[in-house]
Amino acid sequence: MIPVETLRSEVDSRFDEYLQTLFRLLRQPSISAQGVGVDECAGLVVQTLESAGIDARILQTEGSPVAYGEVGPDDAKFTLLVYGHYDVQPPEPLDEWHSEPFEPTIRDGRIYARGVGDNKGQFLGSILAFKLLSELGAAPGIKLKFLIEGEEENGSRNLRSFVNAHRDLLKADAFFAADGPQHPSGRPVVFFGVRGMLAAEVKVRGANRDLHSGNWGGPIPNGAWKLVELLSTMRTPEGRAAIEGFYDGVEPPTDFERKLLEEIPFDEEGTKAHLGITGFDGPADMSYYEKIMFQPTFTIAGLNSGYTGEGKKSVIPSEAVVRLECRLVPGQQPDQVLEAIEQHVRMYVPDAEVRKLAGQPPSKTSPELPISQTAVAAMADAYGVNPVVMPLLGATAPNYIFTDDLGLPAIWTTYANYDEDNHAPNENMTLQAFRDGIVASSVLFQKIAAEYS
Ligand SMILES: [Zn+2]
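From a predicted model like this one, the values you see are computed outputs, not experimental measurements.

Scanning the protein for helices and strands turns up 13 helices and 19 strands. For 453 residues, the compact-globule estimate of 2.2 N^0.38 gives 22 Å, and the protein sits close to it at 25 Å. Across its three principal directions, the C-alpha atoms of the protein cover 85 × 50 × 45 Å. Put simply, the protein has 453 residues, and 53% of those count as buried. Restricting to contacts in the protein with at least 6 residues of sequence separation, those with at least 24 account for 80%.

Bringing the domain arrangement of the protein into the picture now. Segmenting the protein into domains produces domain 1 (4-194 + 362-452) and domain 2 (196-250 + 296-360). Summarising the inter-unit geometry, the C-alpha centres of domain 1 and domain 2 are found 40 Å apart. Taken together, the contact between domain 1 and domain 2 spans 10 residues of the former and eight residues of the latter. Both sides of the domain 1 and domain 2 interface together cover about 710 Å² of buried area, and 61% of this is carbon and sulfur. For the pair domain 1 and domain 2, the interface holds zero salt bridges. The interface formed by domain 1 and domain 2 contains two residue pairs in polar contact (both at pLDDT 80 or more).

Below, the discussion takes up helix α7 (residues 255-263). The periodicity of an α-helix, 3.6 residues per turn, causes residues three or four places apart in sequence to face the same way. For α7, every residue scored as buried is listed here: Glu 257, Leu 260 and Leu 261. Buried residues in α7, looked at end-on, bunch into an arc of 105 degrees, giving them a common side. Along α7, the residues that are exposed and aim more than 90 degrees away from the buried face are Asp 255, Lys 259 and Glu 262. Looking at the buried residues of α7, the elements they touch are α9 (288-294), β16 (363-364) and β17 (388-390).

Here the focus is the environment of Met 1. Within the secondary structure layout, Met 1 lies in the segment before α1 (4-13). Residue class for Met 1 comes out exposed when judged on its relative accessible area of 59%. Apart from residues lying up to four places away in sequence, Met 1 is in contact with Gln 446, Lys 447 and Ala 450.

Now for a nonpolar patch on the surface. A surface patch of nonpolar side chains, about 310 Å² in accessible area, is lined by Phe 266, Leu 275, Ile 277 and Phe 280. Within the fold, Phe 280 resides in the loop between α8 (268-275) and α9.

Here the zinc ion is held by the protein donor atoms Asp 118 (OD), Glu 153 (OE), Glu 153 (OE) and His 423 (NE2), which lie 1.9 to 2.6 Å from it. Its four donor atoms give the zinc ion angles of 55 to 137 degrees at the centre, a pattern that matches the irregular case. His 423 gets classed as partly exposed once you look at its relative accessible area, which sits at 41%.

Estimated volume of the largest pocket: approximately 1200 Å³. Looking at the largest pocket, it is lined by 44 residues, and the ones nearest its centre are Pro 181, Met 390, Leu 393, Gly 394 and Ala 395. Of all the elements in the fold, those that place two or more residues in the lining of the largest pocket are β8 (189-191), α8 and α9. Ranked by the residues each element gives to the lining of the largest pocket, the list is headed by α9, at four residues. Here the lining of the largest pocket is built from residues that sort into 24 nonpolar, 14 polar and six charged. Here the lining of the largest pocket spans two domains, since at least three of its residues come from each of domain 1 (4-194 + 362-452) and domain 2 (196-250 + 296-360). Here the second largest pocket is characterised by a volume of approximately 540 Å³. Along its surface, the second largest pocket is lined by 24 residues, and Gly 239, Asp 281, Gly 282, Lys 291 and Thr 297 are the ones closest to its centre.

What follows concerns the packing of helix α2 (residues 15-26) against helix α13 (residues 431-452). At their nearest, the axes of α2 and α13 sit 12 Å apart, and the two run at 100 degrees to each other. Comparing their axes, α13 and α2 come out roughly perpendicular. Contacts between α2 and α13 involve Phe 15, Tyr 18, Leu 19 and Leu 22 on the former and, on the latter, Leu 431, Phe 434, Arg 435 and Ile 438. Here the contact of α2 with α13 is built from residues that sort into seven nonpolar, no polar and one charged.

Attention shifts here to the side chain of Arg 195. Its location among the elements puts Arg 195 in the loop between β9 (193-194) and β10 (196-205). Glu 325 provides the closest opposite charge to the buried, unpaired Arg 195, separated from it by 7.9 Å. A polar atom in the side chain of Arg 195 sits 3.3 Å from the backbone oxygen of Lys 291.

A few words now on the nonpolar core. Nonpolar side chains tend toward joint burial in soluble globular proteins. Counting 69 residues, the largest nonpolar core has Leu 80, Leu 144, Phe 434 and Leu 444 as its most contacted members. Per element, the largest residue contribution to this core is 11 residues, and it comes from α13. Ignoring anything within four residues of it in the chain, the contact list for Leu 444 reads Leu 80, Phe 176, Ala 375, Ala 378 and Met 379.

It is worth spelling out the pattern of salt bridges at this point. One pass over the structure, following the stated rule, counts 26 salt bridges. Note that Glu 135 is salt-bridged to Lys 131, the shortest N-O span being 3.0 Å. A residue pair is termed a helical-turn pair when its members lie 3 or 4 positions apart in one helix, as Glu 135 and Lys 131 do in helix α4 (residues 116-135) at four residues. Of the residues examined, Glu 135 reaches a relative accessible area of 40% and is grouped as partly exposed. The class of Lys 131 is buried, set by a relative accessible area of 14%.

Moving on: the packing of α2 against α4. Contact pair α2 / α4: the axes reach a minimum separation of 10 Å and the direction vectors enclose 140 degrees. The orientation of α2 with respect to α4, classified from their angle, is oblique. In this structure, the crossing between α2 and α4 has a hand that is right-handed. Contacts between α2 and α4 pair Glu 17, Tyr 18, Thr 21, Leu 22, Leu 25 and Leu 26 from the former with Val 116, Lys 120, Gly 121, Phe 123, Leu 124, Leu 128, Lys 131 and Leu 132 from the latter. Partitioning the contact of α2 with α4 into residue classes produces nine nonpolar, two polar and three charged.

On to helix α3 (residues 38-51). Here α3 contains 14 residues, and its C-alpha end-to-end distance of 20 Å stays within 8% of the 20 Å for a straight helix at 1.5 Å per residue. Among the residues of α3, those classed as buried are Val 38, Cys 41, Ala 42, Leu 44, Val 45, Val 46, Thr 48 and Leu 49. Against the buried residues of α3 lie α2, β1 (55-59), β2 (66-71), α4 and β6 (143-149). Among the residues trailing α3, Gly 53 stands out with phi positive, at a value near 85 degrees.

What counts and what doesn't
Residues numbered from 1 in each chain as written. Predicted model: local features only at pLDDT ≥ 70, side-chain atom pairs only at ≥ 80, totals over all residues. Heavy atoms only, no water. Helix = DSSP H or I, 4+ residues; strand = E, 2+ residues; numbered from the N terminus. Rg over C-alpha atoms; globule rule 2.2 N^0.38 Å. Buried < 20%, exposed > 50% of the residue type's maximum accessible area, 1.4 Å probe, protein only. Contact = heavy atoms within 4.5 Å. Domains from an automatic or database assignment. Buried area = accessible area lost by both parts, 1.4 Å probe. Salt bridge = Lys/Arg side-chain N within 4 Å of Asp/Glu carboxyl O. Polar contact = N/O pair within 3.5 Å; in protein donor to acceptor, adjacent residues only side chain to side chain. Arc of directions from axis to C-beta. Patch = residues over 30% accessible without salt bridge, like charges linked within 9 Å, V, L, I, M, F, W, Y side chains within 5 Å. Areas by Shrake-Rupley, 256 points an atom, 1.4 Å probe, with all protein chains shown as cover. Donors = N, O, S within 2.8 Å, 3.2 Å for Na, K, Ca; no water. Tetrahedral: all angles 85-135°; square planar, octahedral: opposite > 155°, others 65-115°. 1 Å grid on protein atoms, 1.4 Å probe; cavity = no way out; pocket = protein on both sides within 12 Å on 5 of 7 lines; lining within 4 Å. Points joined across faces, edges and corners; volume = space filled by probe spheres on them. Nonpolar A, V, L, I, M, F, W, Y, C, P; charged D, E, K, R; others polar. Axes fitted to C-alpha atoms, helices over the stretch in contact; angles between N-to-C directions. Parallel < 35°, antiparallel > 145°, perpendicular 65-115°, else oblique. Lys, Arg positive; Asp, Glu negative; His and termini not counted. Core = buried A, V, L, I, M, F, W, Y, C linked by side-chain atoms within 4.5 Å. Left-handed = near helix turned anticlockwise from the far one by under 90°. Expected span 1.5 Å × (residues − 1).

Structure follows, in structure tokens:
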């Protein structure tokens, strides 16, 4: 294995070339939500893969094309599926950018451009790592498959059907991706899963129309009160869902995961001050990170009834609507939770309407697997500091496509700086973070090759 120090200096001596490669991708807008430039960008990613010595081609989906690349011996004992996305968020609001979003600009050690951290500068790290190792005569003896999609910022709507239509092509032993920001301390983050999600709407009715609150006030049922009373039956004061079946199947953290939770740095007072709150919600005997990773949420995401506009309106609202959102944890499925909510609602308000808006299963890989440990060790070597290891992220991503549909262990890490401002104006990636990502993927590929082939 090439020592990390050598990798660093070899990356440094090629850094201008790497920046040019990155800038070429950044200059190509690829806004999936607006359908701008995605085909062109997929083509550029294929060219980038090819110029790194990776066989590459475009694969079509119902939406944006996938840039696919493959390299390594056919009889390799280990195949790593590397995921990334070349599409970016819309750059708006444009007047808040200090330089053009699609004209990469270096200021104060940072590259500013839409998509530099999320995700072009991160997946490119893995492509350049393969190129670097090949040039050093140390191409890893594993197979690498690159799946760079173009719809992540627009909900990865065709990813599941694409992956399932290409199961043989995507056969692998593990999944790897770098996306997201590092820990505020500057340590990289390794995470092994995400929460799932269920979004639903509940609509409750009083009378069949809004009514004068004087002429009709008293005997006429009020939609808003009906909804508030319903909601009050759905949650305990402690912040748990009071819905039968809601927690069915929820898997508590393993001892190993509990230990990881304890090791995640957490500034309790600082967090409260930062958010302007005096305390945290949820059961008092559960840690902050256990609540975020291993407890489902039951959230009111929106509430609407009656009139709160200017002046006053004397009205008995007919209708009241709540948007519910639940983040789901391993062991739960969106439709099972929806069913529990529906049953509860039917019991209290039989004529209420319940409508599913969106759902996505959670996904988890065991951090105790050998490949998980290899990835953590690789990041520690590459950065010279232990990564922050998170069993799960609180957020939701379509990870289940890889863990559940393809049955792969899925390992994520983060190469972008904490303040990358992705999705916001002045998105940036530090030169250091871009450099470190190339080194980190080089170490990871070598370590996997050394341990599994
Ligand atoms: Zn994003």
